[in-house]
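Take a look at the letters that make up each chain.
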Amino acid sequence: MYCDKVIELLKELERSREDTIPPYNNDGINQVLSEMKTLDAEIIDFLRKQKDNLPLDAIRLRRAAIERNKRCLMTYIWTRLQRLKEMRWEIGAILPSDVRQNLSQSEIEWFNNYCKTLVSYMKTIGSDTGLNLTQDTKPPKSLYTEVRSLVDAGKLELESGEVLILRKNSQYMLSRSQAEPLIRQGILEQVRQ
Amino acid sequence: MDIDIRELIDDEDDENQEEMTAQKVLQNVERAWLNEKFSPEILPHQTDYVECLLEQIKGMEGNLAKLSKTDPKVDLHKLELERIKFVITSYLRTRLKKIESFCVSVLEEEATRSEEDKYLSPAELQFAKEFALNADNHFDTILRHMPQLYNKLDRNKKIIEPNLNSFVFLKCNKHIDSVIIKNTLEGQEEEIVLEDNSQHLMPYSSVAEFVKNGTVQLI
């Protein structure tokens with residue numbers, strides 16, 4: 001039936017977890033595109049062959065199928081962009097390689113452009129260096145937070161100028177603003193009280 | 001003698017108008033933040049207040065650095081600063097999220113507004129334009145493979161508009177004589193009076209103008 005393939009694409013996206021991006025399904029997209037081309041060719045064929053009594057319903061059906069295919073394809077790539085955008089806020093400008101290999105060339109380009117746009121916007125806030133909006137995402141309850149180091153990360157210079165050596169499995173009290181980026185990078189883990 | 005006193009008072013008033021206290025600026029930003037958080041559409045930007053508050057924060061951080069580290073007050077002040085920073089970043093983030101999701105409609109509406117009452121700050125406008133262009137370029141990589149009649153994305157299909165009829169909680173700061181609520185189902189209109197300090201739940205579209213001029217606070 002018409003449009004089956006594109007629905008399959010969308011289902012594939014929906015089945016995956018929301019904070020992940022499944023591999024870019026190039027084959028699937030090409031199949032949908034070629035279905036659209038076939039349908040278009042069929043319409044043109046109808047128009048050419050029958051001059052007087054056009055099979056209007058058949059043409060309408062094919063047109064609707066093409067429009068639906070198009071709409072669903074757009075949804076597919078738009079949803080992927082939304083997830084990619086979330087990752088920029090969660091992980092930062094450098095994507096892990098397992099995410100990166102799931103993206104299409106154009107998506108990587110989009111991501112780089114998005115990073116640029118975002119960074120140049122953040123630079124304009126305030127007078128000098130700008131403001132990093134990806135920090136302070138949760139209302140602060142306390143100034144310090146208890147964290148556990150997941151790896152031997154080595155030296156960490158604190159805001160006060162002291163140097164702390166992060167060892168695997170040891171716990172520290174760090175200021176939230178300093179701990180937050182490290183938690184996001186997976187170096188530290190927050191200890192729940 | 002009388003005149004002298006009056007002059008003194010007048011002078012004080014003038015100063016108050018020119019210089020806002022840090023407290024007042026913070027209040028304004030907090031109000032803007034709440035409004036922005038709860039309103040479905042993007043509101044006029046308050047960049048001036050935000051910039052001003054950021055300056056204040058920088059000053060306060062400088063002062064804190066001078067105090068001794070063992071002083072218990074330092075940590076309290078720092079926590080307060082963190083809270084203020086959260087309000088600012090959350091405010092700007094909310095605006096960015098709205099710009100991103102309603103990109104096309106935000107840009108279109110912005111183009112119809114005059115220079116004085118732009119809703120977006122220049123930096124935000126730049127962001128919106130670049131975002132829209134970037135998304136269009138990406139869409140185009142797929143669209144250009146489609147059959148000829150269909151390889152454009154028309155405006156109506158691409159646009160996402162905020163739902164202005166969504167319900168909001170609000171608190172009234174001033175007495176408002178008439179607010180018109182449209183009942184879209186029955187096609188009727190209803191007019192109500194908002195008392196000073198009263199709280200209501202109603203469609204956003206009815207109070208949009210009052211939110212923008214500050215007579216109503218979304219909560």
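In this text, all values refer to a predicted model and were calculated from it rather than measured experimentally.

A. A look at the sheet that holds strand 4 (residues 199–203) of chain B. Residues and elements named next belong to chain B. The strand order across the open sheet built from three strands is 4-1-5, with neighbouring strands paired in antiparallel fashion. On the outer flanks of this sheet lie strand 4 and strand 5 (216–218), each paired with one strand and no other. Direction aside, the axes of adjacent strands within the sheet are offset by 40° on average. Bridge analysis of strand 1 (residues 167–172) against strand 4 gives five bridges, and the strand direction is antiparallel. Its bridge partner being in strand 4, L170 is matched across the sheet by H200.

B. Up close: the confidence of the model for chain B. All names here are of chain B. Mean pLDDT for chain B: 79, with 87% of residues reaching 70 or above. In the model of chain B, helix 1 (residues 2–18) stands out as the element of lowest mean pLDDT, 44, in contrast to helix 6 (residues 122–143), which has the highest, 87. This model gives residues 1–17 a pLDDT under 50, and the stretch forms zero contacts once residues within four places in sequence are excluded. Interface predicted TM-score (ipTM) for the complex: 0.75; the corresponding pTM is 0.79.

C. Structural view of the UniProt feature "domain: DNA replication complex GINS protein PSF1 C-terminal" (unreviewed entry) in chain A. Mapped onto the present numbering, the UniProt feature "domain: DNA replication complex GINS protein PSF1 C-terminal" (unreviewed entry) falls on residues 141–191 of chain A. Taken end to end, residues 141–191 of chain A comprises 18% helix and 43% strand; its first and last C-alpha atoms sit 14 Å apart.

D. Representation of the sheet that holds strand 5 (residues 188–190) of chain A in the model. Residues and elements named next belong to chain A. Ordered in space as 4-1-5, the three strands form an open sheet in which the pairing is antiparallel. Every interior strand has two partners, whereas the edge strands, strand 4 (171–175) and strand 5, have only one. Each neighbouring strand pair of the sheet contributes to a mean axis angle of 45°, computed without reference to strand direction. The pairing of strand 1 (residues 144–149) with strand 5 spans three bridges and is classified as antiparallel. Bridge pairing in strand 5 places R148 opposite E189. With respect to the sheet, helix 6 (residues 176–184) is in contact with strand 1, strand 4 and strand 5, its orientation differing from that of strand 4 by roughly 120°.

What counts, and at which threshold
Residue positions are counted from 1 within each chain, in the order its sequence is given. Written order determines the labels here, with chains lettered from A and ligands numbered from 1. The predicted origin of the model limits local features to residues at a pLDDT of at least 70 and limits the giving and counting of side-chain atom pairs to 80 or more, whereas totals for whole chains, interfaces and linings rest on all residues. Criterion used throughout: strands pair if DSSP finds at least two bridges between them. The way it works is that DSSP assigns letters per residue, a run of H or I at least four long becomes a helix, a run of E at least two long becomes a strand, and they are numbered from the N terminus. Only C-alpha atoms enter the line fits that serve as axes; for helices the fit covers just the stretch in contact. Angles between N-to-C directions range over 0 to 180 degrees. Per-residue confidence from the prediction method is given by pLDDT, with values spanning 0 to 100. Residues are scored as being in contact if the C-beta atoms we place from backbone atoms lie within 7 Å. UniProt positions are given in the numbering used here, feature names are shortened, and annotations may be inferred rather than shown by experiment.

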